[in-house]
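Breakdown of the fold
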Amino acid sequence: MMNNENLEKKYQIRTDLACESGFFKKMKEEGIVIDRNGIIINKYHEVNSSGENIYYNLDTRAIKTHDTDDLNNCINVLSEVLKELIKEMHIKEKPKTLVVGLGNINVTPDSLGPMVCDNVIVTRHLFVTNIDDVSEGINEVSAIAPGVMGTTGIETYDIIDAVIKKINVDLVIVIDALASRSIERVNKTIQITNAGICPGSGVGNKRKELNKETIGKPIIAIGVPTVVDAVTIAIDAIDLIVNHLKEVVNNDDTINKINSLDESSKRSLIDEILTPSGFNMMVTPKEIDLDINDLTNIISGAIDKALHPLVGE
């Protein structure tokens, strides 16, 4: 039987969220928790040879109400976080920004990035054609949704790299749908970081990483988990069943044996059952269409307010 370390490697939990990774478990006590207008923000710092990586996690469970006031509150808080991160990254004032929407517009859980690109205020053409007509408080912003390699035949990194070489930008903002290991975080947590992003890593389809070292420009990655894998759901179901049985059955050996399994062992068990049957799939909530629309408005609205001072007035 594999030891726990080998099990964790073989049955690695699929997640793109730094707060769910094993590395950040040891940083949990160092996380800065901020409550802004009812939205909980967790902030993490990682210092390595490449510099300082900063992570913000916004708990946006209030958007589940689909209430206009709650959505506007999320926009305002997220825009404040983006402004703070841009300042912490020492980006110059009035940066020329490229917004990149990763994902597949034809697959709803993966359409967040392209939809945000469709909604942000793009202004670069105004600066190119007639800069004198651009109002004060509007900065230069361009946007691109490069699609996925399965439909374009081109690595996402190569498209972004070519665009950056063609136009002069000071900052790249990348938006992507993520995967989470927690059902509770799906469509509810927004991660913002300057550490970059690895497209497709959460669903086992890893592409070339996008970060300051690879693209040569400061980068901010904004992501929301829109899917969770079936193994995670099954593990949660086991825990719920065991907790329920505990209430009605006392000192049952079978229950105690199941309950004694650690998370890696549970993942091994469920993975061995689901994978050969073809049921180890990624799952998204039934209300994904409405959630994606709300998240699109939140992220695009926050980017507009953070990049264009006139919009925030």
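Each value, and the rule that gives it
Residues numbered from 1 in each chain as written. Predicted model: local features only at pLDDT ≥ 70, side-chain atom pairs only at ≥ 80, totals over all residues. Heavy atoms only, no water. Buried < 20%, exposed > 50% of the residue type's maximum accessible area, 1.4 Å probe, protein only. Helix = DSSP H or I, 4+ residues; strand = E, 2+ residues; numbered from the N terminus. Pairing = 2+ DSSP bridges. Contact = heavy atoms within 4.5 Å.

**Some words on the pairing of strand S4 (residues 97-101)**
Burial runs high along S4: five of the five residues are buried. Because side chains alternate across S4, one face comprises the buried residues Thr97, Val99 and Gly101, and the other comprises Leu98 and Val100, equally buried. The sheet contact formed by S4 and strand S5 (residues 141-144) spans four bridges and is parallel. Within the sheet, the bridge partner assigned to Val99 lies in S5 and is Ala143. In this sheet, strand S6 (residues 171-180) lies alongside S4 in parallel orientation, the contact comprising five bridges. Across the sheet, residue Leu98 finds its bridge partner in S6, namely Val172.

**What to know about the environment of Ile175**
Its location among the elements puts Ile175 in strand S6. C-alpha separation for the pair Ile175 and Val116, spaced 59 residues apart in sequence, amounts to 7.6 Å. Residues within four places of Ile175 in sequence aside, it is in contact with Val99, Val100, Gly101, Leu102, Leu112, Gly113, Val116, Ile222, Ile299 and Ile303.

**Focus: unusual backbone geometry**
In the Ramachandran plot, His90 falls in the positive-phi region, its phi being about 60 degrees despite a non-glycine side chain. Position of His90 relative to the elements: it lies in the loop between helix H3 (68-88) and S4. Phi at Lys94 is positive, roughly 50 degrees, even though this residue is not glycine. As for its placement among the helices and strands, Lys94 is situated in the loop between H3 and S4.

In short, shape yes, function no, at least from these values alone.
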